[in-house]
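Chain residues, written in single-letter form:
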Amino acid sequence: MSVKISLVPIFICGFLALQAAAQDYSIKSYAFLGTGCPAGSTTVATDAKNQALLARFNAFTANVGPGVPISHSRKNCDATLTISVPDGYKFSFNHFGYYTGYSLDKSVNARYNTYYYFQSDIAEGGGNGNVTGLSSDLKYISTPVSPPVWSDCGIDATVIVDTAVRVSNTANRSGSGTFNYQQLNILPDSFTWARC
Ligand SMILES: *[C@@H]1O[C@H](CO)[C@@H](O)[C@H](O)[C@H]1NC(C)=O
Ligand SMILES: *[C@@H]1O[C@H](CO)[C@@H](O)[C@H](O)[C@H]1NC(C)=O
């Protein structure tokens, strides 16, 4: 399913001069695949210029606890995006935004990470974080990614963004925990632009 959203407030927040010069990019296509985003479980919204993408996940939840199969403890989702890059520019990503929800018993840990790479290259940039129980929250998490990995210049770039979470109760076998990625935000400020 795909819907259009309005991101006017983002565009009036202001860009660096370079960002303004590179505003002709667009996200031309997207696909989601992984244990956290099985077919039909992701709803995508883009803005009118296809420069922002919000992916709402309906099945991206990792669980641990007594009797819970180990296969439930780790979930991931690969987003494959094709992005048109304006002449004379290249981009990298600096962060990805996530709406999450989690509930972790004492000493139960959730470790989340994201990395991205271009189909044409083996280099990757990534970032991670973790939260340990006792903790329960609905939280927006920004995951910075580094080092910067750059697209080619001025041609369509296919980039894979892999988001994953692993929940562990090795420090408390009788404890339970759940971590849910509700939404991935790739917004104009997720991109860093540079001249070629
Ligand atoms: C968990 O996060 C803390 C900071 O919140 C960090 O110091 C620690 O290295 C992280 N642990 C792992 C295993 O990533
Ligand atoms: C493990 O989790 C259970 C359930 O929350 C809690 O009652 C217990 O105190 C925890 N044990 C340890 C060692 O943290």
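Residues numbered from 1 in each chain as written. Chains lettered and ligands numbered in written order. Predicted model: local features only at pLDDT ≥ 70, side-chain atom pairs only at ≥ 80, totals over all residues.

Here we look at the nonpolar core
Keep this limit in mind: Definition of nonpolar core: a set of buried Ala, Val, Leu, Ile, Met, Phe, Trp, Tyr and Cys residues joined via C-beta atoms within 7 Å. Here a residue counts as buried when 20 or more other C-beta atoms fall within 10 Å of its C-beta, as exposed when 12 or fewer do, and as partly exposed in between; the C-beta atoms come from the backbone. We call two residues in contact when the distance between their C-beta atoms, placed using the backbone, is within 7 Å.
Counting 38 residues, the largest nonpolar core has Phe96, Ala110, Val165 and Val167 as its most contacted members. Residue contacts for alanine 110: discarding those within four places in its chain leaves Tyr102, Leu104, Asn130, Val131, Val165, Val167, Gly177 and Phe179.

Considering the confidence of the model for the protein
Which entries qualify depends on this criterion: Per-residue confidence from the prediction method is given by pLDDT, with values spanning 0 to 100.
Of the residues in the protein, 89% have a pLDDT of 70 or more, and the chain-wide mean is 91. Below a pLDDT of 50 lies the segment residues 7-15, which in the model reaches 6 contacts outside its immediate sequence neighbourhood of four places, other chains included.

Quick word on unusual backbone geometry
Peptide bonds are trans in most cases, and residues, glycine excluded, mostly fall at negative phi. Using the following cut-off: Labels follow the DSSP assignment, with helices taken as runs of H or I lasting at least four residues and strands as runs of E lasting at least two, numbered in each case from the N terminus.
Cis geometry is adopted by the peptide bond preceding leucine 134, which originates at glycine 133 and carries an omega value of 20°. Residue position: leucine 134 is located in the loop between β10 (124-132) and β11 (135-144). Residue proline 147 follows serine 146 across a cis peptide bond; omega there is -5°. Unlike most non-glycine residues, asparagine 50 shows phi in positive territory, near 55°. Even without being a glycine, serine 107 presents a positive backbone phi close to 70°. Locating serine 107 in the fold gives a position in the loop between β8 (95-104) and β9 (109-118). Serine 107 sits in the partly exposed class, given 17 other C-beta atoms within 10 Å.

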